[in-house]
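Structure at a glance
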Amino acid sequence: MDKEPQEHTEVVEQADAERRRDVGEVTAEGSRGADEAEGSRGASVVIATMIAASVVILSIGILAFISELSEGFKSFFVVWDTMGPLSGHVLFAYGLGILVFLLLFRVRAVGRQSIFAWTIVLFITLAVSSLFWLTPFVDLFH
Amino acid sequence: MRQSLFLHGLLGGLFVAGLCIAIWQSASPGKRSLTALRVNAIALTLLVTIKDVLGDVVYTAYRENVPDSARSLILASSKPWAHEILMEFKEHAAHVLPAMLLVVVAIVFVYDIRDRENLTARKVAVSILAVSLVLTLVILFMGAMATSVAGVK
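Since the model is a prediction, treat every value here as computed from it, not as a measurement. (Residues numbered from 1 in each chain as written. Chains lettered and ligands numbered in written order. Predicted model: local features only at pLDDT ≥ 70, side-chain atom pairs only at ≥ 80, totals over all residues. Heavy atoms only, no water.)

**Thoughts on the pattern of salt bridges**
Residues and elements named next belong to chain B. The tally for this structure, following the rule as stated, stands at two salt bridges over all chains. Between D112 and R114 there is a salt bridge, with the nearest N and O atoms lying 2.9 Å from each other. Overall, D112 belongs to the buried group, its relative accessible area being 15%. We classify R114 as partly exposed; its relative accessible area is 31%. (Salt bridge = Lys/Arg side-chain N within 4 Å of Asp/Glu carboxyl O. Buried < 20%, exposed > 50% of the residue type's maximum accessible area, 1.4 Å probe, protein only.)

**Notes on the interface of chain B and chain A**
Counting residues at the interface gives 33 residues for chain B and 42 residues for chain A. On the chain B side of the interface with chain A, the three residues burying the most area are H92(B), Y111(B) and E117(B), jointly 20% of the side's total. At the junction of chain B and chain A, the tally comes to zero salt bridges. Where chain B touches chain A, the interface holds five residue pairs in polar contact (both at pLDDT 80 or more). Broken down by secondary-structure element, the contributors of at least two residues to the side of chain B that touches chain A are α2 (35–62), α4 (81–93), α5 (97–110) and α6 (119–149) of chain B. Of the residues belonging to the side of chain B that touches chain A, the class tally is 19 nonpolar, six polar and eight charged. (Contact = heavy atoms within 4.5 Å. Buried area = accessible area lost by both parts, 1.4 Å probe. Polar contact = N/O pair within 3.5 Å; in protein donor to acceptor, adjacent residues only side chain to side chain. Helix = DSSP H or I, 4+ residues; strand = E, 2+ residues; numbered from the N terminus. Nonpolar A, V, L, I, M, F, W, Y, C, P; charged D, E, K, R; others polar.)

**Quick look at the confidence of the model for chain A**
All names here are of chain A. Averaged over all residues, the pLDDT of chain A is 81; the fraction at 70 or higher stands at 73%. Taking the mean pLDDT of every element in chain A, the minimum, 54, falls on helix α1 (residues 3–22) and the maximum, 96, on helix α6 (residues 115–132). Taken as a whole, residues 21–38 scores under 50 in pLDDT and shows 43 contacts with residues more than four places along the chain or in a different chain. (pLDDT = per-residue confidence, 0-100.)

**Some words on the environment of L97(B)**
Residue and element names in this part refer to chain B. Turning to its location among the elements, L97 is positioned in helix α5. For L97, a relative accessible area of 0% puts it in the buried group. Between the alpha carbons of L97 and E64 there is a distance of 25 Å; along the sequence they are 33 residues apart. Contact partners of L97, with chain neighbours within four places excluded, come to F15, V48, S132, L135, T136 and I139.

**Section: helix α1 (residues 2–27) of chain B**
Owing to its 3.6 residues per turn, the α-helix brings residues three or four apart onto one side. Between its terminal C-alpha atoms α1(B) stretches 37 Å, which fits the 38 Å expected from 26 residues at 1.5 Å a residue. Summarising the contacts, the buried residues of α1(B) are in contact with α2, α4, α5 and α6 of chain B. (Expected span 1.5 Å × (residues − 1).)

**Some words on a nonpolar patch on the surface**
Residue and element names in this part refer to chain A. Side chains of F116, I120, I124 and V128 sit close together on the surface and give an oily, nonpolar patch of about 340 Å² of accessible area. Here I120 is to be found in helix α6. Assessed through its relative accessible area of 38%, I120 is described here as partly exposed. (Patch = residues over 30% accessible without salt bridge, like charges linked within 9 Å, V, L, I, M, F, W, Y side chains within 5 Å. Areas by Shrake-Rupley, 256 points an atom, 1.4 Å probe, with all protein chains shown as cover.)

**What to know about helix α4 (residues 85–104) of chain A**
Compared with the 28 Å implied by 1.5 Å per residue over 20 residues, the 29 Å span of α4(A) between its first and last C-alpha is a close match. By the burial criterion, the buried members of α4(A) are P85(A), L86(A), S87(A), G88(A), H89(A), V90(A), A93(A), G97(A) and V100(A). Where the residues of α4(A) are buried, they touch α2 (41–69) and α3 (71–76) of chain A together with α2 and α4 of chain B.

As structure tokens, this is what we get:
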């Protein structure tokens, strides 16, 4: 006779845990850690943000690099004359980043990616772009 | 324009202070509420975005195509590298900071980084904040060096 209330409680707790996983609340109870919060909507948002940030960083780097090598490319990205090609670089990069985020943040498979792996990717894109912003490095390609 | 430049520098200093606090908040959250960290992360994202916009305003004066603009004076001086290397790096590097801070905002809102099971997320947040701090200090240094050669009028 005591089993029914217990079963009911277990069903309610299981449903609540599923709801919390679904909205991305990753807590100690029933969670399996940041890298293993597979499929939760919250994890998808985090990974999508990381991917989008990597795209922004790499875009700013690549656009700056190509602009230094090609005058035509440089003048193409001048959105505001007073700011020069930097205006186009930043606008295009963030526009692309926002697009990537909107495409990915609701994809469950994205949430299964490793947050650690995408952190490494983020830092690698920052290192590569940093090279592209250094004039002595770019001058090697002139 | 000098006021914009002053505000730009002031916000840069505030940003550094905020990053230090955020690193402490995320590295050792203890049992404290995450609200302070979350508010700090959002505030830092807004702060760096405003700082970047102000920097872009100052940049337009910096690169004016006149003989007495800061860029022209630096290129004509004995230290043209202050523009060719320092400013070229600084003007691009500063614009990636909002994207990096948005990643931290996402992490601290999705994950309860106080839990041991979310240790990876906590470490990722701390590392991104730390890298942002290093990058900001490099940018501040470059800006100070360039301004010491020729400041924006």
